[in-house]
Amino acid sequence: MKSKKLLLIFIASSLSLVSCGNKDKEEVHVHTYETSWKYNNTMHWHASNCDHKGFASDLGEHNLTSWAVSKQPSYVETGLKERHCTICNYTETDNIPKLERTGTCTFTLYTFNDFHGAVNEYPSQKHTGLAKFATYLKNASKEDNVVIVDSGDTFQGSIESNYNNGKLITDVFNYAHVDVHTLGNHDFDWGESKIEENASRSSSNDDWSMKYLGGNIYDYEFSSHKEGYIQQSRLGDEYYIKTLQNGLRIGVIGVIGLSQITSICSPLVEDICFKDHVDCIKEISDELRTTNACDVVIASIHEGASSVKGLGLSNVSPVSGKKYVDYVACGHSHRDECYTVDDVYYTQAACYGEMLYKSTFTVTDSVVTNCTVEKVPYDTITSSVTRVDPNITSIIESYAKDYSSVGEEVLSTISGNFYKDEQMPNMLSKAMYLEANKEGYTVDLACTNAARYDIRNSSEMTYASLYEAFPFDNVIYIVKCKGDSNVRQLSYSGNNYYHSSSLTSMDTSKWYTVAIIDYLLWHTNSDRQYDYFDHSADNMQIIGTLKKNNDNYLYRDVCADYIRGITGTLYASDYSNSATGFNKLTY
């Protein structure tokens, strides 16, 4: 009102013609005004632009239109309405309150696990391939009231993913709007720093970043075997809450199985521990139900469904008065599993993008009243994706230029099938043995464990196929060892080794020089004690590691160089357990 009075005074005291100068000769001044409108929240006018500032013409109140909704309110965000003056450019906005949820609501949950960097589609193995799998997820994420959960071991397993330490898979799943990634044991294979790097990445399209979860990962002091009290949120949070378009609040807890610490090369995780995953889920669930007002609680566990289904997660909490969880999405054991315990589903969706689970929930007054679970297999995924999302294709192609030519290298033509528990690891152990002796270590034998993949029904072995068989960055150590436990482990039937023809049996009192991969050498049990080998000074001496150009010579590359050095065809029969040097030793 004050501004209106002032403007009226200006107008009342001004004329279009104004006398200026001395009394003998008066000049007539004509005010001029801007053509654009000035305005405040109640009025508009044309301001003077001559030497006489502060004058105005065409002063008037706004002629406002009716309110129009520019953004609809939802259960998550307030809406927005606006109206504008038909004369000037003034626009007035106001918020519309969020919607209030009442009655029954539904939502859909998509779960998968153990993708293992399966970028390529292999129809014979029912591997969907990253392009179609992620397109399916992207299409699903466009629907309202959807949650997408990945239960771990997502990146490690192929040259296409390993060559960039999981950045390709991360970027594609961020673009597809995967909500949650729960850490699995193989997500630690490149070290904790790579987890932190990938967790910080986001989609260049809309800044979406899937949330990394590791609710039972805590600090640890390896030398004293002391568990700490600080949850390692730098690697993954305890939980993630998503408020859906219909107002439902979905809490997702992500944990890794307690025993999975034994499935990781121990030097990579000396500063962390995995606490009891069931106890952590129950504690976090109570927080989500009581403090964070979650209507539904989902547990994502990197542990097989058959291992966790009988551990009380479907029981009613005395704190919240509700079940600890309403659904459990599992991983790790690569099985297709679907169980129910007290109306709570426990599922695991095999591996390598072969399938996923789609579950539809009905929720009334914060209670799940119905859950329908549907298996979505390879055939359904691939047939529903009639066109791969071009942005996903673009992301994949941007990384392919770095690895495609490397992976396409043909190391050798082959004859026969190279199986993961015989010919592949036998060939590797021989390559380790020969390289160790070439570097000046006089070793008695070389020892490794099974490969990840067979190479079958093929006439050639490429670097990419070898990479899938040996996807880990294992370092080869040279050690001297003796004693009952060490000799017993070296002769363990589950391992593969190559030895000189003169070595026919082993003596527990004799020292042996051995080339061995780090995973076996440093293996610990769930109590973080070395359980494969006795590392006491009386029975173990660490001599060094195999090197190439002053860097650790990784087991996969030792094997690749060995194959490159062979003239002619590589015969599977030369690496069978019955071939010279591969027979099992006694002690």
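Refer to the structure printed above.
Residues numbered from 1 in each chain as written. Predicted model: local features only at pLDDT ≥ 70, side-chain atom pairs only at ≥ 80, totals over all residues. Heavy atoms only, no water.

S.K.: Explain a negative patch on the surface residue by residue, including any values.
M.R.: A cluster of like negative charges, contributed by Asp276, Asp279, Glu283 and Glu287, occupies part of the molecular surface. Tracing the sequence through the fold places Asp276 in the loop between strand S17 (272-274) and helix H6 (277-290). (Patch = residues over 30% accessible without salt bridge, like charges linked within 9 Å, V, L, I, M, F, W, Y side chains within 5 Å. Areas by Shrake-Rupley, 256 points an atom, 1.4 Å probe, with all protein chains shown as cover. Salt bridge = Lys/Arg side-chain N within 4 Å of Asp/Glu carboxyl O. Lys, Arg positive; Asp, Glu negative; His and termini not counted. Charge placed at Lys NZ, Arg CZ, Asp CG, Glu CD. Helix = DSSP H or I, 4+ residues; strand = E, 2+ residues; numbered from the N terminus.)

S.K.: Describe the sheet that holds strand S9 (residues 104-112), and please don't skip the residues or the numbers.
M.R.: Two strands in a sheet stick together by hydrogen bonds in their backbones, pointing the same way (parallel) or opposite ways (antiparallel). With mixed pairing, 6 strands are arranged side by side in an open sheet as S12-S11-S10-S9-S22-S23. At either margin of the open sheet sits one strand with a lone partner, and together these are strand S12 (211-213) and strand S23 (367-377). Within this sheet the neighbouring strands show an average axis-to-axis angle of 20°, counted without direction. Pairing analysis gives 10 bridges linking strand S22 (residues 355-364) to S23, with the strands arranged antiparallel. Across the sheet, the residue bridging to Phe361 is Cys371, located in S23. (Pairing = 2+ DSSP bridges. Axes fitted to C-alpha atoms, helices over the stretch in contact; angles between N-to-C directions.)

S.K.: Can you explain the packing of aromatic side chains? Please cite residues and give values.
M.R.: Per the stated rule, a full pass over the model turns up 21 aromatic pairs. Considering the side-chain rings of Phe115 and Phe173, the 5.6 Å spacing of their centres and the 65° angle between planes classify their relative orientation as edge-to-face. You can see Phe115 sitting in the loop between S9 and helix H2 (130-141) and its partner Phe173 sitting in helix H4 (residues 167-175), a full 58 residues away along the chain. As far as burial versus exposure is concerned, Phe115 and Phe173 are alike and both buried. A centroid spacing of 5.6 Å and a plane angle of 35° characterise the contact between Tyr352 and Tyr453, whose relative ring orientation is tilted. Here the residue Tyr352 occupies a position in the loop between strand S21 (344-349) and S22, and Tyr453 occupies one in the loop between strand S25 (445-448) and strand S26 (460-462), the gap between them amounting to 101 residues. There is no split in this pair, since Tyr352 and Tyr453 are both buried. (Phe/Tyr/Trp six-rings, centres within 6.5 Å; stacked < 30°, edge-to-face > 60°. Buried < 20%, exposed > 50% of the residue type's maximum accessible area, 1.4 Å probe, protein only.)

S.K.: Please give an account of the sheet that holds strand S5 (residues 56-61) that cites residues and values.
M.R.: If you trace the 3 strands from one edge of the open sheet to the other, you get S3-S4-S5, paired in antiparallel fashion. Each of the sheet's edge strands pairs with one partner strand only, and the pair in question is strand S3 (38-39) and S5.

S.K.: Any details on the nonpolar core? Residues and values, ideally.
M.R.: Grouped together as the largest cluster of nonpolar side chains are 110 residues, with contacts concentrated most on Phe173 and Phe188. Look past the residues within four positions of Phe173 in its chain and what remains in contact with it is Phe112, Phe115, Leu130, Phe133, Ala134, Leu137, Thr154, Val178 and Met210. Within the second largest apolar cluster, 23 residues are counted, among which are Tyr240, Leu248, Val252 and Ala350. (Core = buried A, V, L, I, M, F, W, Y, C linked by side-chain atoms within 4.5 Å. Contact = heavy atoms within 4.5 Å.)

S.K.: Please provide a residue-by-residue account of the state of the cysteines, values included.
M.R.: Counted by the stated rule, this structure contains 0 disulfides. Cysteine Cys88 shares no disulfide, and the gap to the nearest cysteine sulfur, in Cys85, comes to 3.7 Å. Look at Cys88 and you get buried, because its relative accessible area is 5%. Left unpaired, Cys447 is separated from the closest cysteine sulfur, that of Cys481, by 9.5 Å. (Disulfide = S-S within 2.5 Å.)

S.K.: A description of the pairing of strand S24 (residues 410-415) should follow, citing residues and the corresponding values.
M.R.: Where S24 lies against S26, 3 bridges are found, and the strand directions are antiparallel. Within S26, the position partnered with Ser412 by the bridge is Met461. As paired strands, S24 and strand S33 (residues 570-571) are joined by 2 bridges and run parallel to one another. Paired with Ile414 across the bridge in S33 is Leu570.

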